[in-house]
Amino acid sequence: DSGVTQTPKHLITATGQRVTLRCSPRSGDLSVYWYQQSLDQGLQFLIQYYNGEERAKGNILERFSAQQFPDLHSELNLSSLELGDSALYFCASSPRTGLNQETQYFGPGTRLLVL
Amino acid sequence: AQTVTQSQPEMSVQEAETVTLSCTYDTSESDYYLFWYKQPPSRQMILVIRQEAYKQQNATENRFSVNFQKAAKSFSLKISDSQLGDAAMYFCAYRTRTGANSKLTFGKGITLSVRP
C-alpha cells in the first residue's frame, strides 16, 4: 500500500458525460501528479500540482481539468467524454523533503470506461 | 525532450533463474533519475528501484539490481532468483533532476512471465 488513495476504483459512463476522479496523496506530500494509461498511448503525464498550485502540464486535453484543494487532495475532472478517454487514471504523490523527493508513489488508479 | 525506449515487448524466465530487462533513454541533461516500476495484474504501479544519474554505483534492492551505463544511456534491470510473483509488466521511467517539471517519462513497458 503506497498510502495514496483514489476513488472511485471503477467508473462506467456514457459519451458526452462528465466525471470527477479523486485523489488523496500520502500524508505530508505536497505534490500530486495525474497520469493516464491507455493501450495506444501508454503511460502519459497529464498535470502536476504542488501545494495547491499548478506546477506543470503535459498532454492534458482542454476537456480535462484538475485542481488541488487546501487539504491537498486533488480532483481530475473529465468532461464531454469520448470513447477514447477510456483508460486507467493514476494519481501519484511525492515527498516534500528528504531522500525520496524524486520518487513518485502511485495510487491504485481509477479505471474509466466510456460507453 | 526526453524519451525512454523498451524495445522488448515480452520476456519469459524460468522460476529461480535470472533475467535482464533492457531500457535505453535519450536526454541532453546530465543530472536525472531513473526508475523501474512494476505493474502486476492488479494494475497497481509499484516502485522497484531507482538510480541517481550522478551516482556511479549501481542501485540494488534485494533480488533486483540495475546496470546503469550513463555514456550509453542504458538502464537495465536484473532480477535474480525469479519468483512467480515477479510476473508483471515492468516500466522504465526517467525524471529530470532540475526544473519545476518533475514528471515521469515512461517507456512502453515489457511483460515478464515466469515459468514454474
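Quick summary incoming for the structure in this document. Treat the numbers as computed from the prediction; the structure is a model and nothing was measured.

1. A word on the side chain of Asp85 of chain A
All names here are of chain A.
Link 1 in the chain: Tracing the backbone through its elements, the reader meets Asp85 in the loop between β8 (74-78) and β9 (87-94).
Link 2 in the chain: For Asp85, the side chain forms a polar contact with the side chain of Arg63, separated by 2.8 Å.
Link 3 in the chain: In this structure the side chain of Asp85 is engaged in a polar contact, spanning 2.8 Å, whose partner is the backbone nitrogen of Glu82.
Link 4 in the chain: The contact partners of Asp85, leaving out residues within four places of it in the chain, are Gln36, Leu61, Arg63, Phe64, Ser80, Leu112 and Val114.

2. Structural notes on the interface of chain B and chain A
Note: interface size is frequently given as the accessible area lost on complex formation between the parts.
Link 1 in the chain: Each side of the interface is counted separately: chain B has 18 residues, and chain A has 21 residues.
Link 2 in the chain: Buried area between chain B and chain A, both sides added, is near 1700 Å², and the carbon and sulfur share of it is 52%.
Link 3 in the chain: The largest per-residue losses of area from chain B upon contact with chain A belong to Arg43, Gln44 and Arg50 of chain B, which jointly make up 27% of the total buried on that side.
Link 4 in the chain: Those elements that place two or more of their residues in the side of chain B that touches chain A are β5 (32-39), β6 (46-52) and β10 (88-96) of chain B.
Link 5 in the chain: No other element matches β5 of chain B, which puts four residues into the side of chain B that touches chain A.
Link 6 in the chain: Looking at the side of chain B that touches chain A, its residues break down into nine nonpolar, four polar and five charged.

3. A few points about the state of the cysteines
Link 1 in the chain: What the rule picks out here adds up to two disulfides over all chains.
Link 2 in the chain: One disulfide bridge connects Cys23 of chain A with Cys91 of chain A, the sulfur atoms lying 1.8 Å from each other. Here the S-S torsion is close to -50°, and the disulfide linking Cys23 of chain A with Cys91 of chain A is therefore left-handed. A residue pair is termed long-range when its members are at least 10 positions apart, and Cys23 of chain A in strand β3 (residues 19-24) and Cys91 of chain A in strand β9 qualify at 68 residues. Of the two residues, Cys23 of chain A and Cys91 of chain A, both sit in the buried class.
Link 3 in the chain: Here Cys23 of chain B is linked by a disulfide to Cys92 of chain B, with a sulfur-sulfur distance of 2.0 Å. Its torsion about the S-S bond being -70°, the disulfide of Cys23 of chain B and Cys92 of chain B is classed as left-handed.

Rules and cut-offs
- Residues numbered from 1 in each chain as written.
- Chains lettered and ligands numbered in written order.
- Predicted model: local features only at pLDDT ≥ 70, side-chain atom pairs only at ≥ 80, totals over all residues.
- Heavy atoms only, no water.
- Helix = DSSP H or I, 4+ residues; strand = E, 2+ residues; numbered from the N terminus.
- Polar contact = N/O pair within 3.5 Å; in protein donor to acceptor, adjacent residues only side chain to side chain.
- Contact = heavy atoms within 4.5 Å.
- Buried area = accessible area lost by both parts, 1.4 Å probe.
- Nonpolar A, V, L, I, M, F, W, Y, C, P; charged D, E, K, R; others polar.
- Disulfide = S-S within 2.5 Å.
- Buried < 20%, exposed > 50% of the residue type's maximum accessible area, 1.4 Å probe, protein only.

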